[in-house]
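# Close look at the chain arrangement
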Amino acid sequence: MDRKFLIAANWKMNPPPTGFDAPDSPYRAEGAVDVIVLPTFVDLHAAIAAKLLVGAQCGRPEPSGAFTGDVSITQLKTFGCRYVLCGHSERRREHGETDKMVAEQAIATLEAGMHPIVCIGETEEERRAKKERHVIEKQLKNITQLVTRNPQLIIAYEPVWAIGTGKTATPKDAQDMHSFIRSLLPKDQRNATRILYGGSMNAANAEELLKQPDVDGGLIGGASLKPEEFGRIVGIAEKFPE
Ligand code: PGA
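About the cut-offs
- Residues numbered from 1 in each chain as written.
- Predicted model: local features only at pLDDT ≥ 70, side-chain atom pairs only at ≥ 80, totals over all residues.
- Heavy atoms only, no water.
- Helix = DSSP H or I, 4+ residues; strand = E, 2+ residues; numbered from the N terminus.
- Polar contact = N/O pair within 3.5 Å; in protein donor to acceptor, adjacent residues only side chain to side chain.
- Contact = heavy atoms within 4.5 Å.
- Near = heavy atom within 4 Å.
- Nonpolar A, V, L, I, M, F, W, Y, C, P; charged D, E, K, R; others polar.
- Pairing = 2+ DSSP bridges.
- Expected span 1.5 Å × (residues − 1).
- Buried < 20%, exposed > 50% of the residue type's maximum accessible area, 1.4 Å probe, protein only.
- Arc of directions from axis to C-beta.

Moving on, we come to the side chain of S224. On the secondary structure map, S224 appears in the loop between β8 (217–220) and α9 (227–239). A polar contact of 3.0 Å, which involves the side chain of S224, links it to the backbone oxygen of I220. Setting aside its immediate chain neighbours within four residues, S224 contacts A9, N10, W11, P17, Y27 and F230.

As structure tokens, then:
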């Protein structure tokens with residue numbers, strides 16, 4: 001299989017953890033696994049200066065203009081970012097980002113020559129109503145066609161009920177959903193596209209999740225703020241080169 005694991009540290013609105021810039025930092029990408037960090041805008045510079053692989057937590061598709069408080073995707077590229085998170089559920093909830101806006105961000109990110117990490121996932125209510133596949137299909141509708149031209153697009157399946165709650169999808173449920181997501185991708189990109197799992201991934205559950213054939217890495221929030229634990233997750237990923 002030609003997919004390399006990607007372990008992404010989503011620091012959200014927190015300062016970078018102590019030692020993130022040290023020579024032996026667990027946040028450094030080395031060897032068999034890609035490791036990236038997603039700091040706040042104000043900490044991007046420090047992470048780039050530390051020579052980490054860096055992404056932004058969001059970005060605005062328009063290159064410039066009257067959008068107070070926003071940072072454009074082209075500005076992020078110029079600054080040294082390589083990845084942009086698109087449509088994290090916290091952005092959808094707190095900033096009203098819609099599927100259409102998320103697709104626009106993903107397009108702008110691809111056009112800038114960077115990797116979009118498109119986040120999708122159902123709420124607890126939707127899962128209880130057994131609508132999770134329907135929700136995912138809808139969220140992916142504007143995205144799947146982009147993959148045809150752009151294998152650098154990455155998808156993150158993050159069930160909303162698992163984010164920051166300590167509840168994780170079972171490895172089986174994660175695998176079922178990842179393989180469903182893969183089946184929705186155009187045939188010629190199905191094998192190449194990386195699909196990350198996110199939602200309370202930690203050092204204790206990473207192995208079972210990363211073992212699943214369609215789980216190609218993790219988007220990690222809480223556990224990514226603990227360098228030692230994050231390093232253990234990266235170590236686990238290194239044991240399972242895909
Ligand atoms: P969590 O966050 O690991 O704290 O659940 C994941 C995310 O929101 O990306």
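Now that the structure is up, let's keep going.
On to the site of the ligand, then. The ligand sits among 13 residues. The nearest are K12, H88, E158, G164 and S200. G164 places a main-chain nitrogen or oxygen 2.6 Å from an oxygen atom of the ligand. G221 has a polar backbone atom sitting 2.8 Å from an oxygen atom of the ligand. Tallied by class, residues from the shell around the ligand come to 4 nonpolar, 7 polar and 2 charged.

We now examine the sheet that holds strand β5 (residues 115–120). Strands sit in the order β2-β1-β8-β7-β6-β5-β4-β3 across an open sheet of 8 strands; the sheet is parallel. Each end of this open sheet is capped by a strand with a single partner; those strands are β2 (34–38) and β3 (55–56). Where strand β1 (residues 6–10) meets β8, 4 bridges bridge the pair, whose relative direction is parallel. Paired with L6 across the two strands is G217, which belongs to β8.

Over its 13 residues, α9 runs 19 Å from end to end, which matches the ideal 18 Å to within 8%, given 1.5 Å per residue. If you check which residues of α9 are buried, you get E229, F230, I233, V234, I236 and A237. Angularly, the buried residues of α9 cover 155° about the axis, an arc narrow enough to put them on a single face. The exposed residues of α9 that point more than 90 degrees off its buried face are E228 and K239. On its buried face, α9 sits against β1, β2, α8 (206–210) and β8.

The subject of this paragraph is the pairing of β5. By the criterion of burial, β5 is predominantly enclosed, with 5 of the 6 residues buried. By the bridge criterion, 4 bridges tie β5 to strand β6 (residues 154–157) in an arrangement that is parallel. Across the sheet, residue C119 finds its bridge partner in β6, namely A156.

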